[in-house]
Amino acid sequence: MNRPFLHLDAVRFRYDELDMRFDFAVAAGEWLAVIGPSGAGKSTLLDIVAGFLHPDSGRIVIGGIDRTTAPPAERPVSFVFQENNLFAHLTAAENVALGLSPSLRLSADQKRAVDAALAAVGLSGFDRRRPAELSGGERQRVALARAFLRERPLLLLDEPFAALGPALRQEMLQLLKRLRAERTGGPATILMVTHHPEDARGFADRVAFVENGQLIAIGPTDAVLSPGRDPHIDAYLGQSAEGSRHL
Amino acid sequence: MTEAADRQMRLAAGGLALLLVTGFLGGAFATLLGVGGEAPPLRALASDPYLRGVVGFTLLQASLSALLSVAGAVPLALALHRTRFPGRFLVLRIFLLPQALPVLVGALAIVTVWGRNGIVSDILAATGLPRLDLYGLPGILIAHVFFNLPLAARLMTARLDEVPAESWKLAAQLGLPPLSLFRIVEWPALRLAIPAAVSLVFMLCVTSFTLVLVLGGGPGATTLEVEIYQALHFDFDPPRAIALALAQIGLTAAVLAISLMLGGAPTGGFTLGAQARRYDRGTGLSRLLDGGVLLLALLFILSPFAAILIDGLRADLMRLAVDPVLGRAALTSLAVGLAAATLSLVLALSILMATTRLRRPSSRRRSAAKRIRRLLASAGDIAAGLVLVVPPIVVGAGWFLALRGVADVFAIAPLLVVATNAVMALPFLLHIVGPPLAAADRRNDRLARSLGLTGFARLRHVEWPEIRSPVGLGFAFAMALSLGDLGAIALFGSQDFITLPFLLYERMGSYRTRDAAGLALILGLICLALMVLAERGLRRPEPSR
């Protein structure tokens, strides 16, 4: 494995009756998909990395620096949620521009950068639209445009395309793959929570399976998702150890 | 019972309740319109400079009260929403207190704090400044802000609570500084509450009676409601009372129409709202400002309560406790409160059961039946609107004049007071019980019908478990409202029919200040205890899933 870019070092977080423990690393430029049943702690994991939640013990190391207590804005991280990524009363361009300047006062160069970011996600000419005038897929495109414009090396995605249909989801994953590859300074490191194993197949380098707040398995996508590897994973995916898929 | 019979019973009960409410309010209105033979000299009154002055002042004080309350509520709502500290929950609760306090007790407390001999004047005098002259516009404004600023702030924090969790996370990740956060997240949410807050406070202040009665300053600073009372109670001038009452109805109807057009629903809620999780820490300066705002607001809200407590304890409570007049007044108040709350609850539930049933899609397609259905379906809105347009004093005045020649007004006074108080509480009850009942119906109706549950079995298993705690809260609220009300009793009270607020007002009028302070403490404690109890009931833990 390459030099680890993100390292969760013996992280422990208790929430209600769930005792979560995470201890794993993600390499620079790696795409890790996190799958598992709902309530397993997948979103909590992302919130801990982003700094919205603080671990009871353990360390969060990002880019070689201990960020365990750093506020969210000081972490080299961008977050894309399943919904509500955009502020409803700002236009698409303004929502993207927030990634450069909280006051929305942009230089000419920055304005060009915003236009280019919208163009890169296929939304040229949508700059004046407000979120209500965009489709669900278009809204997520705007969110991706902002995330990549911010040039933070670590991208956290919490079921970003779960509300979209299968074809559109594939299209968005392709877009994400392209944006990540085109990024200056090397491909972005991605931590993506998803419900769909097919989101991981063909896109993610590795898959982590989380259940009951524990990381049960982590490894190359095909290996982790292949039948017979782990009864929990088989149960979640609805497949049996003999390899016959019930679908 | 068949499903059709169940349905018919509910519709009949709802229709009857609506008929009773509109009949009670409409009867008063019809009397005022000249059924009694005394046609009001409307034209002469419209150009009467005195009446114009009263209308002008009514509008002026309501506008200023609404403006000040909402302007003050913006920083308070922001500070409440932003700051996190131990005891924050308690502080939120403190801002609920004014709503549970009887208005008359609040008025007395405001005089104690802000009057000529109050603590604020003492401080001013000590620094060589003149003492405050409370009576007139300043007193009315201070009192209205005391009661309504927390209400407006709560409407605004409710909007802030509706901001999606992702927005706070995004704001934190983008590192928005306080000003940008205000511009991009907080203000767009707050702004949505402002029309509703302004129209609610305006509406409450345009029909303000008790505060203006106590704190008004003679003919220059009086409202229509107080003038109606004076016209009937002191001058016995029915034509003037009628003209004033009609002016009041016209005014409230116009205000209600405007506020509905602005999109503000003029009913107040009684919830704390969920605390949204925020990740911004603010700067040193912004935290200092928020802390200062909270401290000032707490001082402003708590000082009258402290005054009630301190002055009340100085009164000879032992002597008051065995005072037979007080005992009689307390029992009367309790009986009136219980009766009014029960009646109000029965009316509200009848209307709501019918309207939730009618909002359901049905297969019948007869147009006349449909029109009646539609009318009945908005029965709750009609009733609530009417109550707002025809305020208690006007209702009282109407029935007072209607029954004057027919019956002994004072003999049936208790009935009129109970009915008026019940109707006053109706909009609140509809607002508190309506949404959970509708939710219960949406969730369980198909299941209940498929099981053939009707009548009382359905009520017990489907509706009751879901609305039990809102009903408790609503009942306590209605009772507290009636216990603290001076509006209806002011017209109909007599030596034979005394409630606690009436007794308190009488003692205040006869300058028995010590007794008044003791009474205020007792009345305030009863109402606060009621609300605390009701709220306990509301926070009953959810059955485990």
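Note that the structure is a prediction, hence the values are computed from the model and not measured. (Residues numbered from 1 in each chain as written. Chains lettered and ligands numbered in written order. Predicted model: local features only at pLDDT ≥ 70, side-chain atom pairs only at ≥ 80, totals over all residues. Heavy atoms only, no water.)

Glancing now at the overall build of chain A. Counting secondary structure elements, chain A contains 8 helices and 10 strands. Radius of gyration (C-alpha) of chain A: 18 Å, near the 18 Å computed for a compact globule of 247 residues. With respect to the three principal axes, the spread of C-alpha positions in chain A is 60 × 40 × 35 Å. Burial status across chain A gives 53% buried among its 247 residues. Counting only contacts in chain A whose residues sit at least 6 apart along the sequence, the fraction spanning at least 24 positions is 64%. Within the structure as shown, chain A displays about 10,700 Å² of accessible surface, and the carbon and sulfur contribution to it stands at 49%. Counting 28 positive and 30 negative side-chain charges, chain A places the centres of these two groups 6 Å from one another. (Helix = DSSP H or I, 4+ residues; strand = E, 2+ residues; numbered from the N terminus. Rg over C-alpha atoms; globule rule 2.2 N^0.38 Å. Buried < 20%, exposed > 50% of the residue type's maximum accessible area, 1.4 Å probe, protein only. Contact = heavy atoms within 4.5 Å. Areas by Shrake-Rupley, 256 points an atom, 1.4 Å probe, with all protein chains shown as cover. Lys, Arg positive; Asp, Glu negative; His and termini not counted. Charge placed at Lys NZ, Arg CZ, Asp CG, Glu CD.)

Helices and strands together make up the secondary structure of chain B, namely 24 helices and 0 strands. Residues classed as buried in chain B amount to 53% of the 545 residues present. A fraction of 82% describes how many contacts in chain B between residues 6 or more apart in sequence connect residues 24 or more apart. Summed over all atoms, the accessible surface of chain B reaches about 24,300 Å², with 68% contributed by carbon and sulfur.

Here we come to the side chain of A:Arg183. Looking at the element boundaries, A:Arg183 is found in the loop between helix H5 (166-182) and strand S8 (189-193). This buried residue, A:Arg183, is left without a salt bridge; A:Glu151 holds the nearest opposite charge, at 6.6 Å. (Salt bridge = Lys/Arg side-chain N within 4 Å of Asp/Glu carboxyl O.)

Here the focus is the nonpolar core. Among the nonpolar cores identified, the biggest contains 201 residues, and A:Leu6, A:Leu8, A:Leu156, A:Leu191, B:Phe95, B:Met156 and B:Leu504 are the most heavily contacted of them. It is helix H20 (residues 413-450) of chain B that contributes the most residues to this core, 14 residues altogether. Discounting residues that sit within four places of it in the chain, A:Leu8 has contacts with A:Phe22, A:Asp23, A:Phe24, A:Leu45, A:Val49, A:Arg59 and A:Ile60. Within the second largest apolar cluster, 46 residues are counted, among which are A:Trp31, A:Val121, A:Leu155 and A:Phe203. (Core = buried A, V, L, I, M, F, W, Y, C linked by side-chain atoms within 4.5 Å.)

All names here are of chain B. With 25 residues, helix H8 (residues 137-161) should reach 36 Å at 1.5 Å per residue; the first-to-last C-alpha distance of 35 Å fits that figure. Of all the bends in H8, the largest measures some 35 degrees and sits at Asn148, one to four residues before the proline Pro150. Summarising burial for H8: 19 of the 25 residues are buried, a large majority. (Expected span 1.5 Å × (residues − 1). Bend = angle between axes of the 7 residues up to and from the residue.)

Our focus in this paragraph is the pairing of strand S3 (residues 31-35) of chain A. Residue and element names in this part refer to chain A. When you tally the buried positions in S3, you get 5 out of 5 residues, the bulk of the element. Neither face of S3 is exposed, since Trp31, Ala33 and Ile35 on one face and Leu32 and Val34 on the opposite face are all buried. Both S3 and S8 contribute to a ladder of 4 bridges, which runs parallel. Across the sheet, the residue bridging to Val34 is Val193, located in S8. In terms of strand pairing, S3 meets strand S9 (residues 206-211) through 4 bridges, oriented parallel. Looking at the pairing, Ala33 lines up with Val207 of S9. (Pairing = 2+ DSSP bridges.)

Attention now moves to the interface of chain B and chain A. With 19 residues of chain B at the interface, the matching set in chain A holds 25 residues. Roughly 1,900 Å² is buried in total at the junction of chain B and chain A, and carbon and sulfur atoms are behind 62% of that figure. Taken as a group, B:Gln173, B:Leu174 and B:Ile184 account for 35% of the area that chain B buries against chain A, more than any other trio of residues on that side. Linking chain B to chain A there are 1 salt bridge. Where B:Lys169 meets A:Asp47, a salt bridge forms, and the shortest distance between an N and an O atom there is 2.8 Å. At the junction of chain B and chain A, the tally comes to 8 residue pairs in polar contact (both at pLDDT 80 or more). (Buried area = accessible area lost by both parts, 1.4 Å probe. Polar contact = N/O pair within 3.5 Å; in protein donor to acceptor, adjacent residues only side chain to side chain.)

Given a rise of 1.5 Å per residue, 17 residues ought to cover 24 Å, and the 24 Å separating the end C-alpha atoms of H5(A) matches this to within 8%. Of the surrounding elements, those touching the buried residues of H5(A) are S3, helix H3 (108-120), helix H4 (136-149), strand S7 (154-158), S8 and helix H6 (197-200) of chain A.

All names here are of chain A. Taken across its 5 residues, S7 has 5 buried, putting it largely inside the fold. Burial of S7 is two-sided: the residues Leu154, Leu156 and Asp158 facing one way and the residues Leu155 and Leu157 facing the other way are all buried. Two strands pair when backbone bridges link them, and strand S6 (residues 77-80) and S7 are joined in this way by 4 bridges, in the parallel orientation. Each residue of the ladder has a partner; that of Val80, found in S7, is Leu157. Of the pairings in the sheet, the one linking S7 to S8 comprises 5 bridges and is parallel in character. Within S8, the position partnered with Leu157 by the bridge is Met192. Where the polypeptide runs from S7 across H5 and back to S8, its parallel neighbour, the crossover connection is right-handed. (Right-handed = clockwise from strand over helix to strand, strands pointing away.)

The next thing to look at is the packing of aromatic side chains. All names here are of chain B. Scanning the model with the defined rule gives 16 aromatic pairs over all chains in all. Residues Phe236 and Phe400 carry aromatic rings whose centres are separated by 6.5 Å and whose planes lie at 55 degrees to one another, so their mutual orientation is tilted. One end of the pair, Phe236, is in the loop between helix H12 (224-233) and helix H13 (238-262); the other, Phe400, is in helix H19 (residues 392-403), with 164 residues separating them in the sequence. With centroids separated by 5.8 Å and ring planes inclined at 45 degrees, the aromatic side chains of Phe400 and Phe492 adopt a geometry described as tilted. Taken together, the residues Phe400 in helix H19 and Phe492 in helix H22 (residues 487-492) connect sequence positions 92 residues apart. According to the relative accessible area criterion, Phe492 is buried, its value standing at 0%. (Phe/Tyr/Trp six-rings, centres within 6.5 Å; stacked < 30°, edge-to-face > 60°.)

It is worth spelling out the side chain of B:Thr332 at this point. Residues and elements named next belong to chain B. With respect to the helices and strands, Thr332 occurs in helix H16 (residues 324-358). Thr332 sits in the buried class, given a relative accessible area of 19%. A distance of 2.7 Å separates a polar side-chain atom of Thr332 from the backbone oxygen of Arg328. Within the structure, Thr332 has its side chain in polar contact with the backbone oxygen of Ile498 (distance 3.5 Å).

Attention shifts here to the confidence of the model for chain A. Residue and element names in this part refer to chain A. Per-residue confidence for chain A gives a mean pLDDT of 89, with 96% of residues at or over 70. Per-residue pLDDT, averaged within each element of chain A, yields its smallest value for H6 (86) and its largest for S8 (95). Low pLDDT, under 50, characterises residues 243-247; the predicted model gives this stretch 5 contacts beyond four residues in sequence or across chains. (pLDDT = per-residue confidence, 0-100.)

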